[in-house]
Amino acid sequence: MAFAPPQRLVRALGETAPDGDDWLEKLPEAARQAVSLRELTVERVQVPGGRSSLVVLVRHPDGTPAVLKLAPPRARPESERAALAHWGGMGAVQLVEPFMTEGVLLLERLHPDVSVRSLPEAKALLEAAGTLRRLWVEPPVGKGAHSFETVAERTGRQAEAMRATASGFAEVAVLVDAALAARAELLAAPPEDRLLHGTFRQSKVLAGERMPWLAVGPDPVVGECAFDLARLVRDRVEDLIASPAGATTTRRRVKRLAESLDVDQERLRGWTLFRAVESGVRALRVGRTKDAELLLEFAGWL
C-alpha cells in the first residue's frame, strides 16, 4: 500500500520544516517498515488527518483494530508517548506498545471520524471540559521521570518568535505587547503544576469504546491548568467571529469554563489572550492571513 502523506500534513509540516529536513520524503518507507515490523494489516491512511503526524488505521494479526502514528522529532512524539503512558488510558487514548521505534506510536483504535466537535456547542464544551479534567494529574516524579517541557519554557520560545514577527507588522504590535505582559504576570505567581494536554480542543476528543470520549494528540507540557483550558475557549472561532454576539459569547465562555473546572477566571482570560495572539502571529508569519485575522480579532475581545 502507498503511504502518501495527506496534503494537510504536507502543508502544515512545510510551514515549520527546518532547512534540509527530509522526514516527509522518508515517511512512506518508514511507514512500510513500521507496518512490517509489527505484522499489521493496513486499512487506510486517515484523511485529512492531523497537522503533525501520519495516522494509519491498521489491524493486528489477530484482527484487533489499532492506529499507527508516525511523527517527526519536532512534533515531540516521545513526549506524547511518555504522557500517554503516564495517563494510562484515563481520559486519553491508550498506548498498545510502550516503545519499539522512535517516532512511531501504536495506539488503541477510537472512532476517528467522530469527535466532540460533532455535538451541539454547549454539549461539546461540557464533554470536552470533562475529558480535560481527567488529564490534569501530577507529572511524573522521581528517578527516571520524563522531563516534559514547562509552560514557561514553551511560551518563552513563542514569545521570542512573537516579538520578531511583530517588528514587521506594526498593526499587531499592541496585541503582542498585551499578550507578553499577560504572560509575564501569569508566570510571576503560578499555581501548582499539572501534566497538561498542551494542544487541547474539541477535535482532539474522539468517541471510544472504553469510555465515551477520549483525548488524542497531546503535545504535553507541565504547568497550570488555565493554560490548557485557554485553547478550548476559542474553539469554533469562525462561528464566534461570524456572530454579532461573538465578543459577549466569548467572555461568557471564559466565565463558564473557569467556573466548571475550578480555574481562576482572570488567569484563564490571560492565557486565552496569549495563546490566541501567539497563534495569530504564527499564522501571519507563514502567510495564513485569513486565520491570522480571525485569531487576532478574537484576541481583541479579551
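A. Representation of unusual backbone geometry within the structure. In this chain, Val47 is followed by Pro48 through a cis amide linkage whose omega measures 10°. Along the chain, Pro48 turns up in the loop between β1 (41-45) and β2 (54-59). Positive phi values are uncommon outside glycine, yet Arg236 reaches one of about 60°. If you trace the backbone, Arg236 turns up in the loop between α7 (225-233) and α8 (237-242).

B. View of the nonpolar core. In terms of nonpolar packing, the biggest core is built from 78 residues, with Leu229, Leu268, Val277 and Phe298 touching the most fellow members. With residues near it in sequence (within four places) discarded, Phe298 still touches Val233, Arg234, Val237, Leu240, Ile241, Thr250, Thr272 and Ala276. Grouped together as the second largest cluster of nonpolar side chains are 18 residues, Leu13, Trp23, Leu27 and Leu54 included.

C. Highlighting the pattern of salt bridges. Applying the stated criterion to the full structure yields 25 salt bridges. Taking the shortest distance from any N to any O, the salt bridge between Arg81 and Glu78 comes out at 2.8 Å. With a gap of three residues between them, Arg81 and Glu78 both fall in helix α3 (residues 77-87), about one helical turn apart. Relative accessible area serves as the criterion here: at 5%, Arg81 is assigned to the buried category. For Glu78, a relative accessible area of 24% puts it in the partly exposed group. Of the charged contacts in the structure, one is a salt bridge between Arg154 and Glu149, with a shortest N-O distance of 2.9 Å. On the basis of relative accessible area, Glu149 is assigned to the buried category, the value being 15%.

Basis of the calculations
- Residues numbered from 1 in each chain as written.
- Predicted model: local features only at pLDDT ≥ 70, side-chain atom pairs only at ≥ 80, totals over all residues.
- Heavy atoms only, no water.
- Helix = DSSP H or I, 4+ residues; strand = E, 2+ residues; numbered from the N terminus.
- Core = buried A, V, L, I, M, F, W, Y, C linked by side-chain atoms within 4.5 Å.
- Buried < 20%, exposed > 50% of the residue type's maximum accessible area, 1.4 Å probe, protein only.
- Contact = heavy atoms within 4.5 Å.
- Salt bridge = Lys/Arg side-chain N within 4 Å of Asp/Glu carboxyl O.

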